[in-house]
Amino acid sequence: MFLGIVAVYAVQIILSVVLNYFIDVGTIEKGNIYVNLLLSFLPMYVVCFPVMFLLMKKLPAKVPSVEKMGGKRFIAFLVMCFPIMYAGNLVGNILSAILSGGQAENGLIDIISTLNPLTIITIVIIAPIFEELFFRKFIIDRTVKYGEKTAILFSGLCFGMFHMNLFQFFYAFGLGLIFGYIYVRTGKVIYSTIMHMIINFIGSVVSMLALSQLDMDKLQSLTESGEFTAEALDEILPGLMIYGIYFLVYMLLVCIGVALLIINRKKLVFMPSEEEVPAKAGIKLSLVNVGMILFMVVIVICMIINLIS
């Protein structure tokens, strides 16, 4: 993972130099989709993940026992993701605002706000496939022998850190725990991949479509002037209603998800592993080694840069 991150930044530097040779990247409008894809997604999914796959492929692996997941169980886990997303996103935004004095911005918003087909395909299809194959199948297959809890926690933590910013760390970590548990119990990465796709679709496409219905300039103007005339309300009311319905449905799913988490918390099953280690030893084994220390240092630096840049 450390070498994968190094590869990402090396390719980004090379691409930036090449681009600047032909065009002045600084003059390109903020949020230009093609530049974003070239400098962020391409190094990540064309260079970083293949590098990590190749490096990890030779390590001994053990696939968890295969079980089927019924539709009701899948939907229950999916709904349980909503309160985790909501709480994690809230914590990430609050911490980012506090640590940056309210100056930090979530760069992902600029990328997904365009709703460009290339961006949608990358976020909704390509990213979940690569991320689930690596963080669930590759990592858990190679760590589950030390204990299912250790493997799930390690996979989730790496998944959260790999987003490289505080905005996404907490909810990605929480979702990683859900996805990891699903993979450990079923032995099939297809379930967590589909769930990941659905989550990304709702969090990017659906949320942006709902938000785009609001005329924020008009709404701010009316709020500041206080002139809520019938004509002005007719202009903004349809958009407000659409966004309001989306928000109410989302919050309903959050509430149902909280209830399901409480109900199912004692139903979680963790099977004993062949080389299982105690919890504290598992943490030390996972985190206190040269590779992970280097990886975490790089991630912390990325998070700090994201907050102050």
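Look above for the structure.
Counting starts from 1 at the beginning of each chain's written sequence and moves along it residue by residue. Since the coordinates come from a predicted model, pLDDT governs what is reported: local features require at least 70, and pairs of side-chain atoms require 80 or more to be given and counted, while whole-chain, interface and lining totals use all residues. Calculation of side-chain values draws on the structure's entire complement of heavy atoms; hydrogens and water are dropped beforehand.

Section: the overall build of the protein chain
Turning to step 1, where the next piece is worked out: Secondary structure summary: the protein chain contains twelve helices and zero strands in total.
Turning to step 2, where the next piece is worked out: The helix and strand labels rest on DSSP assignments: H or I over at least four residues marks a helix, E over at least two residues marks a strand, and numbering proceeds from the N terminus. What you see in the protein chain, going N to C, is helices and strands ordered as α-α-α-α-α-α-α-α-α-α-α-α.
Turning to step 3, where the next piece is worked out: In the protein chain, buried positions account for 43% of the 309 residues.
Turning to step 4, where the next piece is worked out: Taking contacts inside the protein chain between residues at least 6 apart in sequence as the whole, the part at least 24 apart equals 83%.
Turning to step 5, where the next piece is worked out: Residue burial considers only the protein chains on display, and all accessible areas are found by Shrake-Rupley using a 1.4 Å probe. Put simply, the protein chain shows about 16700 Å² of open surface, and 71% of that area lies on carbon and sulfur atoms. Using a 1.4 Å probe on the protein chains alone, a residue whose accessible area is under 20% of its type maximum counts as buried, one over 50% counts as exposed, and one in between counts as partly exposed. The criterion used for residue contact is that any of the two residues' heavy atoms lie within 4.5 Å.

Section: the side chain of T143
Turning to step 1, where the next piece is worked out: Here T143 is to be found in helix α5 (residues 117-143).
Turning to step 2, where the next piece is worked out: Take T143: its relative accessible area is 15%, and that puts it in the buried class.
Turning to step 3, where the next piece is worked out: A distance of 2.8 Å separates a polar side-chain atom of T143 from the backbone oxygen of I139.
Turning to step 4, where the next piece is worked out: Ignoring anything within four residues of it in the chain, the contact list for T143 reads A151 and F154. In the analysis that follows, any N or O atom pair within 3.5 Å is treated as a polar contact, provided that within protein one partner can donate a hydrogen and the other can accept it, and provided that, for residues neighboring in sequence, both atoms belong to side chains.

What about the nonpolar core?
Turning to step 1, where the next piece is worked out: To define a nonpolar core, start from buried Ala, Val, Leu, Ile, Met, Phe, Trp, Tyr and Cys residues and group those joined through side-chain atoms within 4.5 Å. Ranked by internal contacts, the top residues of the largest apolar core, which has 39 residues, are M44, F49, F134, F135 and F162.
Turning to step 2, where the next piece is worked out: Those elements giving two or more residues to this core turn out to be α1 (2-22), α2 (33-57), α4 (107-112), α5, α6 (148-161), α7 (166-186) and α12 (290-308).
Turning to step 3, where the next piece is worked out: With nine residues, α2 is the single largest residue contributor to this core.
Turning to step 4, where the next piece is worked out: In this structure F134 touches M1, F49, M52, F53, M56 and I139, once residues within four positions along its chain are discounted.
Turning to step 5, where the next piece is worked out: Residues F82, A151, V184 and M195 belong to the second largest nonpolar core, which totals 31 residues.

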